[in-house]
Amino acid sequence: MQQQWMIYGANGYTGELIARHAKDRGLTPILAGRTASKVQPLAEELGLEYRIFPLDDAENIAKQLEGCGLVLHAAGPFIHTARPMMEACLRSRTHYLDITGEIPVFETGAALGEKAARAEIMMMPGTGFDVVPTDCMAVFLKEQLPDATHLQLAFASQGTRFSRGTALTMTESLGQSSAVRQNGKITKVPLGHKSMTVEFADDFKRLVMTIPWGDVSTAYYSSGIPNIETYTAVHPKTYRYVKLQKYFGWFLRLPFVKARARKRVLSGPAGPSAEQRKNGRSLVWGRVTNAKGETRTARSVMPEGYTLTALTSIMIVERILKGQAKPGFQTPAKAYGADLFLEVDGAVREIIN
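Scoring rules and cut-offs
Residues numbered from 1 in each chain as written. Predicted model: local features only at pLDDT ≥ 70, side-chain atom pairs only at ≥ 80, totals over all residues. Heavy atoms only, no water. Pairing = 2+ DSSP bridges. Helix = DSSP H or I, 4+ residues; strand = E, 2+ residues; numbered from the N terminus. Contact = heavy atoms within 4.5 Å. Axes fitted to C-alpha atoms, helices over the stretch in contact; angles between N-to-C directions. Salt bridge = Lys/Arg side-chain N within 4 Å of Asp/Glu carboxyl O. Buried < 20%, exposed > 50% of the residue type's maximum accessible area, 1.4 Å probe, protein only. Core = buried A, V, L, I, M, F, W, Y, C linked by side-chain atoms within 4.5 Å. Phe/Tyr/Trp six-rings, centres within 6.5 Å; stacked < 30°, edge-to-face > 60°. Lys NZ or Arg CZ within 6 Å of the ring centre and 35° of its normal.

Trainee: Just to check I follow, could you spell out the sheet that holds strand β15 (residues 328-329) for this structure?
Mentor: Hydrogen bonds between backbone atoms are what pair the strands of a sheet, whose relative direction is either parallel or antiparallel. Ordered by their spatial adjacency, seven strands build an open sheet running β3-β2-β1-β4-β5-β6-β15, and the pairing between neighbours is parallel. Edge positions in the sheet fall to β3 (50-52) and β15, since each of these pairs with one other strand and no more. Here four bridges tie strand β4 (residues 70-73) to strand β5 (residues 95-98), and the two strands are oriented parallel to one another. Paired with Leu70 across the bridge in β5 is His95. Docked against the sheet, helix α1 (residues 13-24) engages β1 (5-8), β2 (30-33) and β4, running at close to 150° with respect to β1.

Trainee: Explanation requested: the pattern of salt bridges in the structure shown.
Mentor: In a structure, side chains of opposite charge can pair up when their charged atoms sit close to one another. Across all of its chains, the model carries twelve salt bridges by this definition. Across the pair Arg20 and Glu45 runs a salt bridge, and its minimum N-O distance is 2.9 Å. Placement of Arg20 in helix α1 and of Glu45 in helix α2 (residues 36-46) is noted, with a sequence separation of 25 residues between them. Residue Arg20 is classed as partly exposed on the basis of its relative accessible area of 28%. The structure contains a network of salt bridges with shared partners spanning Glu16, Arg20 and Glu45.

Trainee: Looking at this model, I keep getting lost on the nonpolar core. Mind explaining?
Mentor: One broad rule of soluble globular proteins: the nonpolar side chains tend to lie buried together. Of all hydrophobic cores here, the largest spans 92 residues; its most connected members are Trp5, Leu31, Met85, Leu97 and Leu151. With eight residues, the single largest contributor to this core is helix α14 (residues 305-321). Residues in contact with Leu97, not counting those within four places in the same chain, are Leu70, Val71, Leu72, His73, Met122, Met124, Thr127, Ile316, Val317 and Ile320. Of all hydrophobic cores here, the second largest spans twelve residues; its members include Ala154, Met196, Phe200 and Val301.

Trainee: How should I be thinking about the packing of aromatic side chains in this particular structure?
Mentor: Summed over all chains, the structure comprises eight aromatic pairs. Ring geometry for Phe129 against Trp213: centres 6.1 Å apart, planes inclined by 65°, an arrangement best described as edge-to-face. Highlighted residues: Phe129 in the loop between β6 (122-124) and α7 (132-144) and Trp213 in the loop between β11 (204-210) and α9 (215-223), separated in sequence by 84 residues. Each member of the pair, Phe129 as well as Trp213, carries the same accessibility label: buried. Following the ring pairs from residue to residue traces out a cluster consisting of Phe129, Phe155 and Trp213. A cation sits over an aromatic face here: Arg281 above Phe204, 5.6 Å from the ring centre. Its end group placed over the ring of Phe140, Arg349 keeps NZ or CZ at 3.8 Å from the ring centre.

Keep in mind that these numbers describe shape and distance, not what the molecule does.
Encoded structure:
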């Protein structure tokens, strides 16, 4: 008999993709969320149980998690929702997964790692495109150059778009600084303070700029490399605007500006179409350097990011359901190895030098 488990936020764009993939894999999660009118129709369509509850009280959440050995949390922005769910999982002794890419959430998970170990549960934020393929790249490159002191990671997407949930999370960061890891410590830097051109594939070269991607946190725990920078592909015109943010960042942080941005996001599509997900792709590039100046560089190509998130999240769920969970705070590659994402059909990796 399958162990009970839950997807919270199953009515969201990515949560629904995960729920449908779980059903296709023969799994029977409990679907959950804040609003019955949004969760119930999907649960009834898929023939699954559902529960409705908010994330405003850890004790109540823990009661709702009773009987569940695992929760996959898919309701962001995680900077607001992750902590109460993590606290509830500690109380109910429920393994915790989520699909975040937010540095503060990873750091919260790491801070709760000892409590999670004592509760004999695994706490693993970031089971999707944030950050499975980049985490795997970090560990893979560390294996190629064990004495690496610096890590650069870059990612790009082709033929797709952000989901509404991702865009809403981005509005939370309007006008904020970026972050890198220097000598083992997370350090604030201006958004886009560095840029370079990366050849993600033979037919795909892009300008990239530094952003506060989740690997600034996770890659350190996975690889031990003390200096980490993360980059994303960006249009040159956009990069020029970003460089000007130091002059008007205060304006972007104003509540009414963020409110207008959220309104615009909510009026747009929920996420990429099925056709975009089918034809799109995600690309990751990484380079490590040691004190001697030696380098190792690799790159990987894989399915579109939201599809990848559903696939890798359920891969990790299935491992836990089989008893393959490591208590305490974990990252995907630390727990399951650098080749984890290669189990996804269409994912490939190559060493450049």
